[in-house]
Amino acid sequence: MITAVAGGGYSGFVCACLLLDAGIRVRIFERQEKVLKKLMISGNGRCNISNEDIKLSDYICKDKERLAVILDAFSREKEMAFFKAAGIETFSEDGRIYPFSGKASSVYDALRAYVLERGGEIITDTCINGIAPVSSGFVLTGDASETVYDKVMICCGGCAGIYDEENKGGVPDIINRTHAFKYEKTRPALTRIYCKNIYGTDMKKAEGTRIKGKVYLLSDGKEIYSEYGEIQFIKGGLSGIPVFNCSLYLDDTKNTELFIDLIPDMDFSYIEDRAKRFGKRQFETFFYGLFTEAVAGIILSASGIPVHKKVEDATEDELLLLYNNLKSFKFKELRTDTFKNSQLSVGGIALCELSDELEIPDMKGIYIAGEALAVSGKCGGYNLHFAAASAAYIAGAVIKNA
Ligand SMILES: Cc1cc2nc3c(=O)[nH]c(=O)nc-3n(C[C@H](O)[C@H](O)[C@H](O)COP(=O)(O)OP(=O)(O)OC[C@H]3O[C@@H](n4cnc5c(N)ncnc54)[C@H](O)[C@@H]3O)c2cc1C
């Protein structure tokens, strides 16, 4: 029995390792000159490989029941056993799991060695453009060997991080030429968000500044996501983990807006009290000790309060406006960065298009795993975890039926 794995990313390698362990011959095809390229750039080269606390709510997926089955089948114990078998030691930082070395390259080395030591074949610079069923299995367009494969594992990922155009990702190519799938439109996510503040305030001086705050994303006025954390003002927009996670929900067909609560733990009485304590100051220095000058400047400008005005001369309405803008500094015209500058493509093949074993229903023997599927996790190791969990799931199905 020989199985082809189309895509030499993390899901392809996990799948190959498990199949090889079960004594199944495996050949991995990778379109690029090197395998595991995305894994190598993950977590800024540190590779946040998983998370101690994997919950369904950390993922966007239209079929949470089936996602639960896939995640449950790859428990923390099973994931750790896999790491151990591959020699990958890990450590955890605030629940985020990293390789012991702190380097993605050790995961690359360990997985590559795992496959090669068990006789797996790795063919690079080979793009699989289609899968044709023949009487005894499948032949792959792009595979010069013209081997007939018993099973094909599609682990082609998405185009985030590497390609700029959607169709440069493997999944649309391979699936469109193979099967008429209903495919959830892909879009870049886990990326900075370009936006404009609604006040017309010049943000240049604040560029590069990091603040702690709570980001809220609204769609048609309704909150769809919020998260507290470090937010960075960048040229033309916002960055930081809470912003990246908001971008998961940023569908351009929806009327979305975003606001930041810069003082999540404070209410109006705090501003009133501060105004009493520092009434003799001008507003220019009112925020000393709370915000940097650049952040204070944009809040004052957005509130139309002159910097040289004395705090004790401010009206209740002015203080209220200042407070409201601190609680809800609003941004409009939100858009994500390109696929190349993002960490994830949201969308892909919906789980409901596949069998319970993630097999193409009318092309038995072809399975799909990883980012190619319409399952999108937050920042924090959730996407590599899903890539591994879904890969283990399809490997398990093949092993069970072998
Ligand atoms: C900059 C960046 C940082 C990230 N950091 C993290 C992190 O720290 N933690 C985390 O959990 N997630 C992170 N992610 C997301 C995570 O890396 C991906 O979700 C994960 O790698 C998906 O694995 P995959 O195997 O499904 O796809 P991929 O890693 O994309 O692998 C698919 C492979 O298939 C190849 N391929 C595609 N089409 C074909 C074809 N037709 N024929 C042959 N080969 C083909 C591709 O070249 C690619 O090598 C990050 C992503 C990026 C871009």
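Given the structure is predicted, the values throughout are model-derived calculations rather than measurements. (Residues numbered from 1 in each chain as written. Predicted model: local features only at pLDDT ≥ 70, side-chain atom pairs only at ≥ 80, totals over all residues.)

## Focus: helix α3 (residues 64-73)
To keep things clear, this is the line we draw: Here a residue counts as buried when 20 or more other C-beta atoms sit within 10 Å of its C-beta, as exposed when there are 12 or fewer, and as partly exposed otherwise, the C-beta atoms being derived from the backbone. By the criteria applied, helices consist of DSSP H or I runs no shorter than four residues and strands consist of E runs no shorter than two, each listed in order from the N terminus. It is the directions from the helix axis to the C-beta atoms whose arc is reported. Our contact criterion uses C-beta atoms placed from the backbone: two residues qualify when those atoms are within 7 Å.
Considered for burial, the residues of α3 that qualify are Leu67, Ile70 and Leu71. Taken end-on, α3 shows its buried residues confined to a sector of 95°, consistent with a single buried face. Projecting away from the buried face of α3 at angles above 90 degrees are the exposed residues Glu65 and Asp72. Of the surrounding secondary structure, the elements contacted by the buried residues of α3 are β4 (59-60) and α11 (382-401).

## Considerations on the sheet that holds strand β12 (residues 193-197)
As a reminder of what qualifies: In this scheme, strands are said to pair when DSSP sees at least two bridges between them. The convention used is that axes are lines fitted to C-alpha atoms, helices contributing only their stretch in contact, and that angles between N-to-C directions extend from 0 to 180 degrees.
Strand order in this closed barrel of 6 strands is β12-β15-β14-β13-β16-β17, and the pairing throughout is antiparallel. Taking each pair of neighbouring strands and ignoring which way they run, the sheet shows an average axis angle of 45°. Pairing geometry for strand β14 (residues 222-234) and strand β15 (residues 237-239), over 3 bridges, is antiparallel. Pairing of Ile234 across the sheet is with Gly237, part of β15.

## Points about the sheet that holds strand β19 (residues 366-368)
Taking strand neighbours across the sheet as the criterion, the 5 strands line up as β7-β2-β1-β10-β19 in an open arrangement whose pairing is parallel. Strands at the two margins of the open sheet, each flanked by one partner only, are β7 (121-123) and β19. Going from strand to strand, the sheet's axes swing by 20° on average, the running direction of each strand aside. Sheet topology note: the strand β1 (residues 2-6)/strand β10 (residues 151-154) ladder contains 4 bridges and is parallel. For Val5, the partnering residue across the bridge sits in β10 and is Met153. Helix α1 (residues 10-21) rests against β1, β2 (25-29) and β10 of the sheet, and its axis sits at about 165° to β2.

## Looking at unusual backbone geometry
Despite not being glycine, Asp125 has its phi angle at roughly 55°, a positive value. Its identity as a non-glycine residue notwithstanding, Glu146 has a phi of 55°, on the positive side. Given 7 C-beta atoms within 10 Å, Glu146 falls into the exposed group.

## What to know about the environment of Gly304
If you trace the backbone, Gly304 turns up in the loop between α9 (293-303) and α10 (316-327). On a C-alpha basis, the gap between Gly304 and Gly236 in space is 21 Å, while along the polypeptide they are 68 residues apart.

## Side note on the domain arrangement of the chain
Heads up, the rule is: An automatic or database domain assignment provides the domain bounds reported here. Amino acids outside the nonpolar list (Ala, Val, Leu, Ile, Met, Phe, Trp, Tyr, Cys, Pro) and the charged list (Asp, Glu, Lys, Arg) are all regarded as polar, and Gly is one of them.
Here the domain parsing of the chain yields domain 1 (2-189 + 345-401) and domain 2 (193-336). With 8 residues of domain 1 at the contact, the number on the domain 2 side is 6 residues. It is strand β11 (residues 183-189) that contributes the most residues to the side of domain 1 that touches domain 2, 3 residues altogether. Taken together, the residues of the side of domain 1 that touches domain 2 break down into 5 nonpolar, 1 polar and 2 charged.

## Topic: the packing of α1 against helix α5 (residues 104-117)
We apply this condition: Take the far helix as your reference; a near helix turned counterclockwise from it by less than a right angle gives a left-handed crossing, and one turned clockwise gives a right-handed crossing.
Between α1 and α5, the shortest axis-to-axis distance is 9 Å and the interhelical angle comes to 35°. The two elements α1 and α5 meet at a crossing, and its hand is left-handed. Residues Phe13, Ala16, Cys17 and Leu20 of α1 lie in contact with α5, whose contacting residues are Leu111, Tyr114 and Val115. Looking at side-chain class alone, the contact of α1 with α5 contains 7 nonpolar, no polar and no charged residues.

## Notes on the pairing of strand β9 (residues 137-141)
When strand β8 (residues 130-134) meets β9, the two strands line up antiparallel, connected through 5 bridges. Across the sheet, residue Ala132 finds its bridge partner in β9, namely Val139. Hairpin remark: β8 followed by β9, antiparallel, with 2 residues in the connecting loop.

## Focus: α1
This is how the line gets drawn: By this rule, a helix spans an expected 1.5 Å times one less than how many residues it contains.
Helix length check: α1 (12 residues) gives 17 Å between terminal C-alpha atoms against 16 Å at 1.5 Å per residue, within 8%. In terms of residue burial, α1 counts as a mostly covered element, since 11 of its 12 residues are buried. Along α1, the positions that sit buried rather than exposed are Tyr10, Ser11, Gly12, Phe13, Val14, Cys15, Ala16, Cys17, Leu18, Leu19 and Leu20. Following α1 by one or two positions, Gly23 adopts a phi angle in the positive range, close to 85°.

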